[in-house]
Amino acid sequence: MSSEVTRIYEEVFSKRLTRFEIARVVGARALQLSMGAPPIIDVSNLPVKDPVYIAVNELITGLLPMSIRRINNGREELVPVGKLLTPSIRRNLETVLESWSISRRV
């Protein structure tokens, strides 16, 4: 990569989850839940009991014990998912959940 592309990546993407990482984390956690893993959050008050819905809620809370492997300055590091969640990502995911629960009621 050129130095300009590397600089932009480090400034923008290295401090937050990308949409592809969000999809991968939610998909992996939803698969675990569908195979019988216990949920980390209390699901008794959730309007939807879908594994993907629960996985997104767990991601929003930042409680998922998952890490993303990132390459930083030529070396690999594991970054916890909760550390990469930004307020804007949380708001976007909450909007998705809100629209999901509204569409289920109709």
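Everything that follows concerns the structure shown earlier in this document.
A brief look at the structure comes next.

Each value, and the rule that gives it
- Residues numbered from 1 in each chain as written.
- Predicted model: local features only at pLDDT ≥ 70, side-chain atom pairs only at ≥ 80, totals over all residues.
- Heavy atoms only, no water.
- Salt bridge = Lys/Arg side-chain N within 4 Å of Asp/Glu carboxyl O.
- Helix = DSSP H or I, 4+ residues; strand = E, 2+ residues; numbered from the N terminus.
- Buried < 20%, exposed > 50% of the residue type's maximum accessible area, 1.4 Å probe, protein only.
- Polar contact = N/O pair within 3.5 Å; in protein donor to acceptor, adjacent residues only side chain to side chain.

**Side note on the pattern of salt bridges**
- What the rule picks out here adds up to three salt bridges.
- Two residues, Glu21 and Arg70, come together in a salt bridge whose shortest N-O distance is 2.7 Å. Here Glu21 is found in helix H2 (residues 19-34), whereas its partner Arg70 is found in strand S1 (residues 67-72), with 49 residues between them in sequence. One exposure class covers both Glu21 and Arg70, and it is buried.
- The shortest N-O distance in the salt bridge between Glu76 and Arg69 comes to 3.7 Å.
- Owing to a relative accessible area of 54%, Glu76 belongs among the exposed residues under this scheme.
- A relative accessible area of 60% means that Arg69 is categorised as exposed.

**Observations concerning helix H3 (residues 51-61)**
- Of all 11 residues that make up H3, eight are buried, and the element is covered over most of its length.
- Every buried residue of H3 is accounted for by Tyr53, Ile54, Ala55, Val56, Asn57, Glu58, Leu59 and Ile60.
- Its side-chain oxygen 3.1 Å from the backbone nitrogen of Val52, Asp50 forms the N-cap of H3.
- Of the residues trailing H3, Gly62 is marked for its positive phi of about 80 degrees.

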